[in-house]
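Chains, contacts and geometry: an overview
Here is what each chain is made of, one letter per residue.
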Amino acid sequence: MVEQTAELSGRPWTRYSRKERWLRFTIYFFTLFAVVWAIRDIDIFWPWVWDAPTQIQNLGSRMWPPEFEAWSAILNAMLETVHIATLSTMLTIFIALPVSYIAAQNTTPNRLTLWIGRFILVSSRSVNTIIWALLFVAIFGPGVLAGILAVMFRSVGFIGKLMGEAIEEIDRRPVESMEATGASRMKVVLFGIVPQVMPAFFAIVILRWDINIRESTVLGLVGAGGIGVLLQGSIDTFAWQTVATILLAIIGLVLLGEALTSMLRKKVL
Amino acid sequence: MSEARSGSGPLAGQTWRKPPFIASPWLRYGLLIAVGVYFYWTFNTLPFNWERIAEGLPRAARIFGGAFPPSFERSDLMWTGFKESFQIAFLATLLGVFLSIPIALMAAKNLAPLPIYLLGRGIIILSRSFHPVIVAILFVAAVGFGPLAGILTLTLYSIGFVAKLLAEKVEEIDWGQMEAMRAAGAGFFKTLIYAVFPQILPRQIGLSMYQLDSNLRASAVVGIVGAGGIGSTLMNAFGRYDYDFAFAILILIVGVILVSEGISGWVRKKIW
Amino acid sequence: MLEISNLVKRYGSDDPVLKGLDLVVEGNTVVSVVGASGAGKSTMLRCINRLVEPSSGSIQLNGRELVNLRGANLRHARRKIGMVFQGFNLIDRLTVMENVLAGRLGYVSFYQALTRKFPQTDIDRAFHLMDRVGIAHYADKRADELSGGERQRVGVIRALMQEPEILLADEPTASLDLKTSEQIMVLLQSLASELSLPVLINIHNVSQARTYTDRIVGLRNGQMIFDGTPGEFNQEALDAIYGGIEAPDETGGEEQPTAEARTT
């Protein structure tokens, strides 16, 4: 064994092969290059960057202690926010379900409807809720309607896409057996598809409702109702302590929403 | 024997109803009534400015008329705005992912002592609770308009997502590997490098790509409140009623999101 | 009476899976279809109720041509054809009663289906059939809580709820253990005589085919190469159908032919 050890000594070992090292080096190099370019090219006034921690601290101290005087207005606005989220989630269901049906490859009547369904879902998902809100505020004026429509238009894509995937993943065999009994298409869907996607449906809607509560809090910043209107107003008037209260209220709402949705999820599934 | 054919026998005439999804009839009808009442009540109490809404459809017609065809004339503005969005997203992802690693280690119950664990978890919860737009407004108020606020916002946003997932991963690691390193006499940091990182970092690349994609979408939005990027360009166009330009920007945003989604999906497939 | 003439099924431009089948099944007989995997048994059965589209040929049930029906006519024809599946194909999340009543979907309106308000005669028949096969106490249990044999019984009476003119069974016992599969075969046999129903069963357990059916039809490579009584189904027939492809399932009957031991 000692002779073998003598033969084996001097053999090199590296963690990465030559090829791998080259690859890693290239990646690091390009990333570094991109970082340097981004930092140099970006439109930032660098003295402000070093000043940033002080500024942030400054803002923080101006928000302390939180001012509770406007609490009833805040409460009303929070309620409005919850209504926006809830109404739009409920209304979205009626639109998202048929769209998900035609956007699922195994249930869509023909290629054109598949394309239309997918197009609707993709456009809905790619435009952020706030941008939808901007659009609807421009059309219908500031207010709750713009907010509800904005959340609806965004939620259709979310619910529709996930439901479409749930539909595509069903077991084909119950569908086949329902067809064999001579049932019409609608009855086949009712007995063969609906029972299979029910659990997914509840989970998806509950999840989206939770997300929508969060989204609804910021709609007011572009005028579409909810607590965001109060928030924007307080910021514009530099009422930082009220801002702090509003932020606390928002955290409270989000936590409440999460608690509620996880409880609902346990009950339903 | 026609036993199987006839409907007679001991069970004939027995009625049957489908066992309802919600067993208690009170709860069932109560829920239905509650939903109906809810709709009625909210529609009545929520402030709808019906006059303004009625103006909506003709307005919509005007806006869509003005928006079509989309105007790509000021493409240099669009290019600058988009470039800035990309820079914001890129730097924020890098910074966010980089910071997520120590924060995730802090927020892992199996690694960190209790006070540090609470601190780590607190940072993550704080980062997640607020919509990035709100965070953006606060940073704009603190450090001024421009991409700096955007980078800070999205860094926090990234931490909220990446650190949370990493922390969960850390809590699920195979403890045996840690033990082995400790038994060999390695200190805390060396143990980290040899036992923890190899278990959590492989997923990191996929996560980072996903977060880059996420940040690119979000950067379009935080710009709306002044944190830089294509969102600011969009807001300006909207404010000046340049709907055809706004439409062009919107198309660009949607296009970029789709491309980015495609690329990140492809990269993640390659890495898995 | 079922009449199949010159049935051909071809996928793309490949070799046809069914190459001109002819078969006549009279009422009140139980016919088993045997053959190796890929011989075309399942395809032939599914052509009858058009779950698979025939490429050419004719299929007539009690004088009614099935091959060119579409839309509502097809659905009405399917109502009269009951099918039992190898995987039971039940709606797992619904109750046994709902699964049984689903056999009536071709007869009730959408509203009745949605609200589960089926006619009392249907409910009576459902209870009666469930009692007949011994699962009446499971009426409100979820279908996926039953054992394999019980689930297949649900599948059988679901098909019978359609008041069919013919019962098709596609390897109904392949997923069941030996004892349970014999129970199902006995059930199919007795139901066939009680209801004077023609029954067509795909099966690859040759000895069960011999024991429980009146007539055996053998397919190989899409062609029928045997049609006769169980008594006529001898070793030669077995080799003709399975020889060189696979040893069929031979457990559970009186005879134990030893095809593997024979070297040809």
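This report concerns the structure included in the present document. Quick caveat, the model's predicted, so the values are computed rather than measured. (Residues numbered from 1 in each chain as written. Chains lettered and ligands numbered in written order. Predicted model: local features only at pLDDT ≥ 70, side-chain atom pairs only at ≥ 80, totals over all residues. Heavy atoms only, no water.)

A few words now on the overall build of chain A. The helix and strand inventory of chain A stands at 11 helices and 0 strands. Taken over the C-alpha trace, chain A has a radius of gyration of 27 Å; the compact-globule value for 269 residues is 18 Å, which it surpasses by more than 25%. Taken along the three principal axes of its C-alpha coordinates, chain A extends 80 × 70 × 35 Å. Within chain A, buried positions represent 49% of all 269 residues. Within chain A, contacts between residues separated by at least 24 positions form 72% of all contacts whose residues are at least 6 apart in sequence. Accessible surface, chain A as shown: approximately 14300 Å² in total, 68% of it carbon and sulfur. Where the 22 positive side-chain charges of chain A centre and where its 19 negative ones centre are 8 Å apart. (Helix = DSSP H or I, 4+ residues; strand = E, 2+ residues; numbered from the N terminus. Rg over C-alpha atoms; globule rule 2.2 N^0.38 Å. Buried < 20%, exposed > 50% of the residue type's maximum accessible area, 1.4 Å probe, protein only. Contact = heavy atoms within 4.5 Å. Areas by Shrake-Rupley, 256 points an atom, 1.4 Å probe, with all protein chains shown as cover. Lys, Arg positive; Asp, Glu negative; His and termini not counted. Charge placed at Lys NZ, Arg CZ, Asp CG, Glu CD.)

So, on to helix α9 (residues 188-200) of chain B. Most pronounced at Y194 of chain B, the bend in α9 of chain B amounts to some 30°, and the proline P198 of chain B follows within four residues. Looking only at α9 of chain B, the buried set comprises T191, L192, A195, V196, Q199 and I200 of chain B. (Bend = angle between axes of the 7 residues up to and from the residue.)

Quick look at the sheet that holds strand β9 (residues 215-220) of chain C now. Residue and element names in this part refer to chain C. Judged by pairing direction, the sheet is mixed, and its 6 strands sit side by side in the order β6-β7-β8-β3-β9-β10 without closing on themselves. Two strands bound the open sheet, and with one partner strand each, they are β6 (81-84) and β10 (223-228). Strand-to-strand twist in this sheet, taken as the mean axis angle between neighbours without regard to direction, amounts to 20°. Bridging between β6 and strand β7 (residues 166-170) involves 4 bridges; their strand directions are parallel. Considered in β7, the bridge of I81 is made with I166. (Pairing = 2+ DSSP bridges. Axes fitted to C-alpha atoms, helices over the stretch in contact; angles between N-to-C directions.)

All names here are of chain C. Sheet architecture is open: 4 strands sit in the order β2-β1-β4-β5, paired in antiparallel fashion. Two strands in the sheet have a free side with no partner beyond their single neighbour: β2 (18-25) and β5 (64-65). By the bridge criterion, 5 bridges tie strand β1 (residues 2-9) to strand β4 (residues 56-61) in an arrangement that is antiparallel. Bridging from a neighbouring strand, L2 pairs with L61 of β4.

Attention now goes to unusual backbone geometry. Between W64 of chain A and the following residue, P65 of chain A, the backbone shows a cis peptide bond with an omega angle of -5°. Checked against the element boundaries, P65 of chain A lands in the loop between α3 (46-62) and α4 (71-103). Even without being a glycine, N6 of chain C presents a positive backbone phi close to 50°. Here N6 of chain C is to be found in strand β1. Note on N6 of chain C: relative accessible area 45%, which makes it partly exposed. Even without glycine at this site, N221 of chain C takes up a positive phi of about 50°.

Okay, the nonpolar core next. One recurring pattern in soluble globular proteins: nonpolar side chains tend to sit buried together. Core analysis: the largest hydrophobic core is formed by 99 residues, its most contacted members being V243 of chain A together with I134, I249 and I253 of chain B. Here the element with the most residues in this core is helix α6 (residues 129-140) of chain A; it accounts for 11 residues. Sequence-distant contacts of I134 of chain B, defined by excluding residues within four places in its chain, comprise T217, V218, L221, L231, L247 and I250 of chain A. If you look at the next biggest cluster of nonpolar residues, it comprises 81 residues, including I93 of chain A together with V154, L191 and I216 of chain C. (Core = buried A, V, L, I, M, F, W, Y, C linked by side-chain atoms within 4.5 Å.)

Residues and elements named next belong to chain C. Examined against the element boundaries, Y107 turns out to sit in the loop between α3 (96-101) and α4 (110-115). C-alpha separation for the pair Y107 and R75, spaced 32 residues apart in sequence, amounts to 9.7 Å. Once residues within four sequence positions are removed from consideration, Y107 is found in contact with R79, K80, Q162 and E163. One polar contact links the side chain of Y107 to the main-chain carbonyl oxygen of Q162, over a distance of 2.6 Å. (Polar contact = N/O pair within 3.5 Å; in protein donor to acceptor, adjacent residues only side chain to side chain.)

A word on empty space enclosed by the protein. Over the atoms, a rolled probe matching the size of one water molecule traces out where space is still vacant. The tally for this structure, following the rule as stated, stands at 2 cavities of 30 Å³ or more. Approximately 80 Å³ is the volume attributed to the largest cavity. What lines the largest cavity is simply F82, S85, L216, R217, S219, A220, I230, L252, I253, V256 and I257 of chain B. Taken together, the elements giving at least two residues each to the lining of the largest cavity come down to α4 (75-106), α10 (202-222) and α12 (243-271) of chain B. Here the residues of the lining of the largest cavity sort into 8 nonpolar, 2 polar and 1 charged. As a volume, the second largest cavity reaches approximately 30 Å³. In terms of lining, the second largest cavity is formed by I48, N49, R50, L66, L69, L74, A77, R78 and I81 of chain C. Per-element accounting of the lining of the second largest cavity gives the leading share, 3 residues, to helix α2 (residues 71-79) of chain C. Residues belonging to the lining of the second largest cavity are distributed by class as follows: 6 nonpolar, 1 polar and 2 charged. (1 Å grid on protein atoms, 1.4 Å probe; cavity = no way out; pocket = protein on both sides within 12 Å on 5 of 7 lines; lining within 4 Å. Points joined across faces, edges and corners; volume = space filled by probe spheres on them. Nonpolar A, V, L, I, M, F, W, Y, C, P; charged D, E, K, R; others polar.)

Here we take up the interface of chain A and chain B. Each partner contributes residues to the interface: chain A has 56 residues there, and chain B has 56 residues. Along the contact surface separating chain A from chain B lie 2 salt bridges. A salt bridge links D41 of chain A to K83 of chain B, with the shortest nitrogen-to-oxygen separation between them at 2.5 Å. Taken together, chain A and chain B are joined by 8 residue pairs in polar contact (both at pLDDT 80 or more). (Salt bridge = Lys/Arg side-chain N within 4 Å of Asp/Glu carboxyl O.)

This next bit is on a nonpolar patch on the surface. A cluster of nonpolar residues, L79 of chain A together with Y29, L32, I33, V37 and W41 of chain B, forms a patch on the protein surface that exposes about 640 Å² of accessible area. The residue L32 of chain B is located in helix α1 (residues 25-45) in this model. Using a relative accessible area of 59% as the deciding quantity, one classes L32 of chain B as exposed. (Patch = residues over 30% accessible without salt bridge, like charges linked within 9 Å, V, L, I, M, F, W, Y side chains within 5 Å.)

Between chain A and chain C, the contact holds 20 residues from the first and 29 residues from the second. Of the roughly 2100 Å² buried between chain A and chain C, counting both surfaces, carbon and sulfur atoms make up 67%. Of all residues in chain A, T181, K187 and F191 of chain A give up the largest surface area on contact with chain C, accounting jointly for 31% of the area buried on that side. At the junction of chain A and chain C, the tally comes to 1 salt bridge. (Buried area = accessible area lost by both parts, 1.4 Å probe.)

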